[in-house]
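As a plain string of letters, each chain reads:
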Amino acid sequence: MSNKTFRQVIRIGHIIEGILIALFIYSPTLAANSTYIALMQFVVFPAIAISGLLLWQQPRVLKFVRQMTNQNSNA
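Within every chain, residues take consecutive numbers counted from 1 along the sequence as written. With pLDDT at 70 or above as the cut-off, local features in this predicted model cover only qualifying residues; side-chain atom pairs require 80 or more to be listed or tallied, and sums for whole chains, interfaces and linings still use all residues. Side-chain descriptors were evaluated using all non-hydrogen atoms of the structure, hydrogens and water having been removed beforehand.

**Quick notes on the overall build of the protein**
Helix and strand definitions here come from DSSP, where helices need a minimum of 4 consecutive H or I residues and strands a minimum of 2 consecutive E residues; each element is numbered from the N-terminal end. For the protein, the count of helices and strands is four helices and zero strands. Along the protein, helices (α) and strands (β) appear in the sequence α-α-α-α when read from the amino end. A compact globule built from 75 residues should have a C-alpha radius of gyration of about 11 Å, whereas the protein, at 16 Å, is more than 25% larger. When a residue's accessible area, from a 1.4 Å probe over protein chains only, is under 20% of the maximum for its type it is buried; when over 50% it is exposed; and in between it is partly exposed. Counting all 75 residues of the protein, 19% fall into the buried class. Of the roughly 5800 Å² of accessible surface on the protein, a fraction of 67% belongs to carbon and sulfur atoms. Taken over C-alpha atoms, the radius of gyration is set against a globule rule of 2.2 Å times the number of residues to the power 0.38. For the accessible areas, the method is Shrake-Rupley and the probe is 1.4 Å, while residue cover comes only from the protein chains on display.

**Description of the nonpolar core**
We call a set of buried residues a nonpolar core when its members are Ala, Val, Leu, Ile, Met, Phe, Trp, Tyr or Cys and they connect through side-chain atoms within 4.5 Å of each other. Judged by nonpolar contacts, Ile21, Tyr36, Met40, Val44 and Ile48 together constitute the single largest core of five residues. When residues in this core are grouped by element, the largest group, four residues, is from helix α3 (residues 34–56). Contact criterion: two residues are considered in contact whenever any of their non-hydrogen atoms come within 4.5 Å of each other. Ignoring sequence-local partners within four residues, the contact set of Met40 consists of Leu20, Ile21, Phe24, Phe45 and Pro46.

**Description of the confidence of the model for the protein**
Every residue gets a pLDDT, meaning the predictor's confidence in that residue, from 0 to 100. On average, residues of the protein carry a pLDDT of 89, and 97% of them reach 70 or more. The least confident element of the protein is helix α4 (residues 58–74), whose mean pLDDT is 86; the most confident is α3, at 93.

Listed below in structure tokens is the structure:
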């Protein structure tokens, strides 16, 4: 996967997660649903934080991943 494709996939996921957060904030029926609250707390918020970090620090993250895979293949 090229860097451009990787960034596009992460960006689209980040946007979708943002839409889910906006629905959580502005929809009173979803904010009262305990399943949706659990989904937001344990899936969406961590996912948006990770995707945001990946978008922000993509070169460093990919460099780290390459180093880790090289170490695993050499061992």
